[in-house]
Amino acid sequence: MSESPALLAVFGNPIAHSLSPLIHQFFAQQEGRSIIYEKRLVEGAFADCVREFFAQGGVGCNVTVPCKVEAFNFATAKTERARVAQAVNTLSVRHDADGSLSYKGDNTDGFGLLTDLIRLKCPLASARVLIIGAGGATRGIVPSLQFLGSIHNLTIVNRTLAKAEEIVAYIQDFYAANHFSRMLMPMRACDYATLEAQKVTPDTYFDVIINATSLSMREELPPVKDEYYKRARFAYDLFYTPQGKTVFTEHAKSLGIANSYDGLGMLVGQAALAYEQWFGVRPEMEPTIEYMRQVLAQR
Ligand code: ATR
């Protein structure tokens, strides 16, 4: 382990609210590693900010809204999960033999969710999965469900149908171009009216319901009828609160889904995978989630 602290940062705009420094400091503390983790506000060109950071000795950084696409363009090498997401949330520097620097871009958002779903023993094998919402978050998580390879089928429902259709078409095209498309999980896009009109039968129910809309932030529920919740076994909201309860998780519980969880574990999961990129060690999730709940409760 090196003597001098490793320099890390998160880039975005706004950035003051970011929990990443606290999460990574906690990881480092667990491992007995010394780090400096800064928040860097991106006001000008992202590439200039990040180049300056690496010139100062930065070993890696996280990237958040609105810079993930710029980070994708900045990276000189990309993981497959970054390529499919077309967005980068983690950069690592490589010192090449000729003395130049190169930058590996990864996207740990989707696998952060997957890590958390596995931790929570989500019944994903042969699952019929419903994702509600088709924004940036959904685009990030669909490839990780595809990677899992055991999903029975995936439905994406969204207020704006075209956005859900666009994600399905994009994933289909990406895998057709890069893999055997026969490995692709069956996917469909629909709007709320279609789900509402559909009878809930052994062919049309969902095992797992994931809320990827921004509605919980406003204490609103997505317009998905109760019968779907009554048949499901697991519910997950990407939004999180100090207590682990959102309007969505409480609604799901009231309809019989005891296994209803908020998304704090996904936030910690994506951070854990970023930390692993930089230091080759995967931090433990549970104590970090517990710590972050305490931090959030005090805010
Ligand atoms: P992004 O992640 O791309 O920034 P967002 O504006 O945060 O997107 O919205 C995330 C998701 O919440 C989207 O699926 C959005 O639906 P639309 O694509 O139709 O905008 C969904 N959402 C936000 N407000 C909503 C509402 N009042 N009713 C239903 N869905 C809503």
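Residues numbered from 1 in each chain as written. Predicted model: local features only at pLDDT ≥ 70, side-chain atom pairs only at ≥ 80, totals over all residues. Heavy atoms only, no water.

Caption draft 1: A look at the packing of aromatic side chains. With the rule as written, the count across this model stands at 16 aromatic pairs. Summarising the aromatic geometry, the rings of F206 and Y228 are spaced 5.3 Å apart at their centres and angled 35 degrees between planes, so their arrangement reads as tilted. On the criterion of sequence distance, the pair formed by F206 in the loop between helix 8 (192-197) and strand 10 (208-211) and Y228 in helix 9 (residues 226-231) is long-range, its members being 22 residues apart. As far as burial versus exposure is concerned, F206 and Y228 are alike and both buried. Here the aromatic residues F11, F46, F53, F54, F74 and Y103 are joined through ring pairs into a cluster of three or more. The cationic tip of R81 hangs over the ring face of F111; the distance from NZ or CZ to the ring centre is 4.9 Å. (Phe/Tyr/Trp six-rings, centres within 6.5 Å; stacked < 30°, edge-to-face > 60°. Helix = DSSP H or I, 4+ residues; strand = E, 2+ residues; numbered from the N terminus. Buried < 20%, exposed > 50% of the residue type's maximum accessible area, 1.4 Å probe, protein only. Lys NZ or Arg CZ within 6 Å of the ring centre and 35° of its normal.)

Caption draft 2: Structural detail: the site of the ligand. Every residue near the ligand is listed here: G133, A134, G135, G136, N158, R159, T160, K163, T213, S214, L215 and R218. Taking T160, its side chain carries an N or O atom lying 2.5 Å from an oxygen atom of the ligand. Within the contact set of the ligand, an oxygen atom lies 2.7 Å away from a side-chain nitrogen or oxygen of K163. When the free accessible area of the ligand is taken as 620 Å², the share hidden by the protein chains comes to 67%. Looking at the shell around the ligand, its residues break down into two nonpolar, seven polar and three charged. (Near = heavy atom within 4 Å. Polar contact = N/O pair within 3.5 Å; in protein donor to acceptor, adjacent residues only side chain to side chain. Areas by Shrake-Rupley, 256 points an atom, 1.4 Å probe, with all protein chains shown as cover. Nonpolar A, V, L, I, M, F, W, Y, C, P; charged D, E, K, R; others polar.)

Caption draft 3: Representation of the UniProt feature "active site" (unreviewed entry) in the protein chain within the structure. Per the UniProt annotation, the sites labelled "active site" (unreviewed entry) are K68. With respect to the helices and strands, K68 occurs in helix 3 (residues 68-74). Residues within four places of K68 in sequence aside, it is in contact with V63, A87, V88, N89 and D109. (UniProt positions renumbered as here; feature names shortened; annotations may be inferred. Contact = heavy atoms within 4.5 Å.)

Caption draft 4: Representation of the sheet that holds strand 8 (residues 153-157). The six strands are arranged 9-8-7-10-11-12 in an open sheet whose pairing can be described as parallel. Edge positions in the open sheet fall to strand 9 (187-190) and strand 12 (260-261), since each of these has one partner strand only. Here two bridges tie strand 11 (residues 234-237) to strand 12, and the two strands are oriented parallel to one another. The residue bridging Y236 from the neighbouring strand is Y261, located in strand 12. (Pairing = 2+ DSSP bridges.)

Caption draft 5: Spotlight on the sheet that holds strand 4 (residues 77-78). Pairing within the open sheet is mixed, and its six strands lie in the order 2-1-3-5-6-4. Strands with a single pairing partner mark the edges of an open sheet, and in this sheet they are strand 2 (35-41) and strand 4. Sheet topology note: the strand 3 (residues 60-63)/strand 5 (residues 90-95) ladder contains three bridges and is antiparallel. The partner of C61 across the bridge, within strand 5, is L91. Across the sheet, helix 1 (residues 20-31) touches strand 1 (6-12), strand 2 and strand 3, and the angle it forms with strand 2 is around 170 degrees. Contacts between helix 2 (residues 46-55) and the sheet are confined to strand 1, strand 2, strand 3, strand 5 and strand 6 (101-106), with strand 1 contributing the most and set at about 170 degrees to the helix. (Axes fitted to C-alpha atoms, helices over the stretch in contact; angles between N-to-C directions.)

Caption draft 6: How the structure looks around helix 12 (residues 286-297). Between the first and last C-alpha of helix 12 there are 17 Å, a value that for twelve residues agrees with the 16 Å anticipated at 1.5 Å per step. Buried residues belonging to helix 12 abut helix 1, helix 5 (109-119) and helix 11 (264-279). (Expected span 1.5 Å × (residues − 1).)

Caption draft 7: Layout of the pairing of strand 10. Residue alternation in strand 10 divides its side chains into two sets, V208 and I210 and I209 and N211, and both sets are buried. Pairing of strand 7 (residues 128-132) with strand 10 involves four bridges; the strand directions are parallel. Looking at strand 10, one finds that L130 is bridged to I209. Pairing analysis gives four bridges linking strand 10 to strand 11, with the strands arranged parallel. The residue of strand 11 that forms the bridge with V208 is F234. The handedness of the strand 10 to strand 11 crossover, carried by helix 9, is right-handed. (Right-handed = clockwise from strand over helix to strand, strands pointing away.)

Caption draft 8: Representation of the nonpolar core. One finds V129, L145 and I210 to be the most contacted residues of the largest nonpolar core, which totals 36 residues. For this core, the secondary-structure elements that each account for two or more residues are helix 5, strand 7, helix 6 (136-148), strand 8, helix 7 (161-178), strand 10, strand 11 and helix 11. Here this core takes seven residues from helix 7, the largest share from any one element. Counting 23 residues, the second largest nonpolar core, distinct from the first, contains A6, Y275, W278 and F279. (Core = buried A, V, L, I, M, F, W, Y, C linked by side-chain atoms within 4.5 Å.)

Caption draft 9: Just the state of the cysteines, in detail. A complete count under the given rule lists zero disulfides for this structure. Here C122 stays unpaired: no disulfide links it, and the sulfur of C190, its closest cysteine neighbor, is 19 Å away. Judged by its relative accessible area of 10%, C122 is buried. (Disulfide = S-S within 2.5 Å.)

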